[in-house]
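Residue-level structure breakdown
Residue strings, one per chain:
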Amino acid sequence: WLGDELRAFIKSPEKNTGIMIVGDSGVGKSSVVEMIARVLASSPTLNGDRSTCFVRINDTIPRTVHGFLSEILNYLAPFKTTVGVSDNELAGALGECLVNGDLRLIVLLDQLRLSQGTTSLLNRLMELNDGVRSKPICFVVSTRAAATGLQGFDVTRTLEVKPYSKAQVDEILTYRLRLAGIEDVVDDQAKEYIVSQAGLRGDMGYAMGLLAGSLTLSSQLKDARIRLEHVTQVDASYLDVSMALAVRWLDIHEKLLLYSICTLLSVKEQTRVSMGEAESAYSDLCLHLNFKPRMHTQLWCYVQKLYDLGIIDTWVGGRGQRGRTTNISVPHRLNPLISELRRQIKNMPKAI
């Protein structure tokens, strides 16, 4: 049905539309969308003039409407500058590109967390596009959790992609090893470890990440084979690429707050910390590093951004708690995240 939806949009787009693809990391959401969109866009039987444009915006960093429009425009045609240009002017330029080129535009927003802020952003993009009366745009949103009710954003259908089973991970990994011509250099124990770890999460991206890291490590050690010790060493420090990118783009105090949360969870061996505990640990870390701590209101903004990025989860209250205590958890492996943050904090200026 995903192919049918995109085919119908390419043939006769009448209005802005949205398709949501929901599933955990590493299950192939983005790859499927990109392959279908590119095949349909280049098919002369569907669209003889090949005037469909496919744009993939692939990162987890929260953006403004201005940022989204700027990136889409730069895909369509080199834009002189977007500095000092209003959102309405950018939308007008986008509309002009689409109308003059008779283009149908499919935009994949990859790994987007649908918070209130990003939902408002999508709605605003739709409003701007309607305002300039450009060709309709199809937004395909790849996200880990569906949102209920995107008002103003016409979600035609939602597809949920299930995690892989252990048997499926094994089958795909065997195929990929054979395709790459390296099936004979991977020890059975190494492969079994990759399959068992990735099978627990149903995450094929994780399996391929472990394999790629182990191949690099074995090459560095001048070992002709990928062994179990290579895989376990890579696994101990493995951080998902999208998560590493998201962390890298945090500002100094966001990193300090996240580091404080992660170390608290690790030291206390618990699944959650309160906002008060996180704020106290952050203040102590700032004083230790000779930084001036940010105020409570600013920390709330940091927490919301970290939530939007999918780095942390938050909820209010719970069993055995009084009032409206905000709880924070980190749905990722702590040790690699702490190591990455520690490395980046060490490279920061000593005091601000």
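Let me begin by describing the structure that accompanies this report. Everything numeric here is computed off the predicted structure, so don't read it as measured data. (Residues numbered from 1 in each chain as written. Predicted model: local features only at pLDDT ≥ 70, side-chain atom pairs only at ≥ 80, totals over all residues. Heavy atoms only, no water.)

**Let's talk about helix H6 (residues 166–180)**
Structurally, the α-helix is built with 3.6 residues per turn, so residues lying three or four positions apart point the same way. Compared with the 21 Å implied by 1.5 Å per residue over 15 residues, the 21 Å span of H6 between its first and last C-alpha is a close match. Within the sequence span of H6, burial applies to Val169, Leu173 and Leu177. Seen along its axis, H6 keeps its buried residues to an arc of 60°; they face one direction. Facing away from the buried side of H6, by more than 90 degrees, are the exposed residues Ala167, Glu171 and Leu179. Against the buried residues of H6 lie helix H7 (188–201) and helix H8 (204–220). Gly181 sits one or two positions beyond H6 and adopts a positive phi of about 75°. (Helix = DSSP H or I, 4+ residues; strand = E, 2+ residues; numbered from the N terminus. Expected span 1.5 Å × (residues − 1). Buried < 20%, exposed > 50% of the residue type's maximum accessible area, 1.4 Å probe, protein only. Arc of directions from axis to C-beta. Contact = heavy atoms within 4.5 Å.)

**Describing the nonpolar core**
Within the largest apolar cluster, 36 residues are counted, with the highest numbers of intra-cluster contacts made by Leu257, Leu258 and Ile311. Elements represented by at least two residues in this core include exactly helix H10 (241–248), helix H11 (252–268), helix H12 (275–288), helix H13 (296–308) and helix H14 (334–346). Ranked by residue count, the leading element in this core is H11, at eight residues. Judged by nonpolar contacts, the second largest core, of 28 residues, contains Cys53, Phe68, Leu98 and Val141. (Core = buried A, V, L, I, M, F, W, Y, C linked by side-chain atoms within 4.5 Å.)

**Some thoughts on the pattern of salt bridges**
The tally for this structure, following the rule as stated, stands at twelve salt bridges. Close ionic contact of Glu254 with Lys305 constitutes a salt bridge, the shortest N to O distance being 3.2 Å. With Glu254 in helix H11 and Lys305 in helix H13, this residue pair connects regions lying 51 residues apart in the sequence. We classify Glu254 as buried; its relative accessible area is 5%. The exposure class assigned to Lys305 is partly exposed, which follows from its relative accessible area of 25%. (Salt bridge = Lys/Arg side-chain N within 4 Å of Asp/Glu carboxyl O.)

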